[in-house]
Amino acid sequence: MASAVTQQKVSLPTLSGASADHATPTPVHIVPGQTIPYDLFLDCVHCGLCTSACPTFLELGTEMDSPRGRIYLMRGVVDGRIPLDQHVRRHLDLCLDCRACESACPSGVQYGRLIEPFRTDLQRLGLQARLPRWLELLLFQLFPRPQWTWWSLYPVRGLQRVFGLDWWKPLASWLPLQLRHMLALLPPLPRRYYRFPEQVRAHGERRARVAVFLGCVNHVFFPHVNEATVRLLQFQGCDVLVPKNQVCCGALHYHAGRIQAAQQLAQLNLRAFPSEIDAIVVNVAGCGSTLKDYGHLLADTPYAEQGRALAAKVKDVHEFLATLDFYPPGFGLPIRATYHDACHLCHAQQIRQQPRRLLQQIPELSLVPLQESEVCCGAAGSYNLTQPEMADRLGQRKAGHILQADVQAVFTANAGCLLQIRRHLREHAPHIWVAHPVEALWAACNGHIPYRGIPVSVPD
Ligand code: SF4
Ligand code: SF4
């Protein structure tokens, strides 16, 4: 694939100021949403069956904070019946883009195809709620560069080691709300920046040749998840490539309506991943759904075909492992555990059973259902930082259900969910192991105790 991509110079979105999307000249007469095919609005028959699946409706109970209400608002703005005032924008901003409404809708409404271009138009027109400048720089300039993020957190790592995870609390009243939320989310920071060899060989007979996508926030905060993914794939008979030129998938930019920046990142990934592989394996639900959407993201660029080809190779790690004849783990984890469905895995990629079936292959692990397992935990990409109050409410709701399940471990397959659930369990149940399923699977394959207090049983 690398050779198929035109060698036009593409670089990460600039650090010097606003993203390229801000610079896009936009005719002043454009109404947000006018580029959305109008039929997509008409798919909604106003039945309301989606409302009980919508996290913001569950919390607020207001029609305009439900999918049906938001579709009505967007259509009203496009028709010119509803002015795009701050109240309308607030209802739209509160949407998590979790796509639970798509799973619930019997009419096949493609809600993501409505809210995402609508947000892009708001962004282009400068009508989206402005974030503080420091937060914009953090989200759209720093986070897509994992090595920079790791170095920028160096002083925080030191403070965590000396004063603990809550070192910032005495300063809380001086800190902006979003910064407090970010600091509260931080897990213990890894001591080193992980670098993987570009290629590792399969154990035993080779069954597949895959490339692994590392993710940027994921790679800074959860490098051990990437390591477990690479080792597990190796153990399952895969040659594993870790292309060193891969970059952020562009999800943060894409969901915030910064399409040009997302397209630039997508082009870099087209060059980074070779075509002679069986799959591009992803362990972060949000990154996986964005990579699978590259055909759509690049549709109006010369890279559309390459985007579709790359997207066709992308597989969530559970989806991929389910296609192999999975070698069963040799060690047991005698624990009671549950599983939270990350929105961009269950709603955006329709992957629900594969992670559960894999976890159930671990000897002695008892997997129990989680109430509202498909309701967003409030992480939702950068939502935690842009809408901290609603994110908190949803995080507490999720933690309450996990506590009710009375488990020793909760598994979920998305970096944002791991951060959010850990944060909300830390106060009441710090003993609960919050982990990615591949951590448990790899532990059960290699017999290493993954977390203090979690036992590993050795087969007779
Ligand atoms: S989005 Fe679907 S489920 Fe919701 S009101 Fe419209 S048709 Fe009904
Ligand atoms: S994407 Fe999620 S938060 Fe937004 S309307 Fe649909 S269910 Fe509600």
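Just so it is clear, the model here is predicted, and its values are computed rather than measured.

### Examining the packing of aromatic side chains
Alright, step 1. What the rule picks out here adds up to 9 aromatic pairs.
Alright, step 2. When the centroid spacing of 5.9 Å and the interplanar angle of 65° are considered together, the rings of tryptophan 150 and tyrosine 154 count as edge-to-face.
Alright, step 3. Its relative accessible area of 47% is what places tyrosine 154 among the partly exposed residues.
Alright, step 4. Among the aromatic side chains, those forming a connected cluster through ring pairs are Trp150, Trp151, Tyr154 and Tyr193.
Alright, step 5. Directly above the aromatic system of tryptophan 148 lies the positively charged group of arginine 145, at a separation of 4.9 Å from the ring centroid.
Alright, step 6. The side chain of arginine 258 reaches across the aromatic face of phenylalanine 140, ending 4.0 Å from its centre.

### As for the sheet that holds strand 5 (residues 314-316)
Alright, step 1. The strand order across the open sheet built from 5 strands is 1-3-2-4-5, with neighbouring strands paired in mixed fashion. Looking at the sheet topology across the chains shown, the edges are occupied by strand 1 (199-200) and strand 5.
Alright, step 2. Two elements, strand 2 (residues 208-213) and strand 4 (residues 279-282), share 4 bridges in a ladder whose sense is parallel. Across the sheet, valine 212 pairs through a bridge with valine 281, a residue of strand 4.

### Describing the domain arrangement of the protein
Alright, step 1. Each assigned domain of the protein is listed with its residue range as follows: domain 1 (2-12 + 194-322), domain 2 (27-124), domain 3 (133-185) and domain 4 (329-446).
Alright, step 2. The straight-line distance from the C-alpha centre of domain 1 to that of domain 2 is 30 Å.
Alright, step 3. Each side of the interface is counted separately: domain 1 has 8 residues, and domain 2 has 7 residues.
Alright, step 4. With both sides pooled, the region where domain 1 packs onto domain 2 buries about 640 Å², and carbon together with sulfur makes up 41% of that total.
Alright, step 5. Our count for the contact surface shared by domain 1 and domain 2 stands at 1 salt bridge.
Alright, step 6. Linking domain 1 to domain 2 there are 4 residue pairs in polar contact (both at pLDDT 80 or more).
Alright, step 7. Partitioning the side of domain 1 that touches domain 2 into residue classes produces 3 nonpolar, 3 polar and 2 charged.

Conventions used here
- Residues numbered from 1 in each chain as written.
- Chains lettered and ligands numbered in written order.
- Predicted model: local features only at pLDDT ≥ 70, side-chain atom pairs only at ≥ 80, totals over all residues.
- Heavy atoms only, no water.
- Phe/Tyr/Trp six-rings, centres within 6.5 Å; stacked < 30°, edge-to-face > 60°.
- Buried < 20%, exposed > 50% of the residue type's maximum accessible area, 1.4 Å probe, protein only.
- Lys NZ or Arg CZ within 6 Å of the ring centre and 35° of its normal.
- Pairing = 2+ DSSP bridges.
- Helix = DSSP H or I, 4+ residues; strand = E, 2+ residues; numbered from the N terminus.
- Domains from an automatic or database assignment.
- Contact = heavy atoms within 4.5 Å.
- Buried area = accessible area lost by both parts, 1.4 Å probe.
- Salt bridge = Lys/Arg side-chain N within 4 Å of Asp/Glu carboxyl O.
- Polar contact = N/O pair within 3.5 Å; in protein donor to acceptor, adjacent residues only side chain to side chain.
- Nonpolar A, V, L, I, M, F, W, Y, C, P; charged D, E, K, R; others polar.

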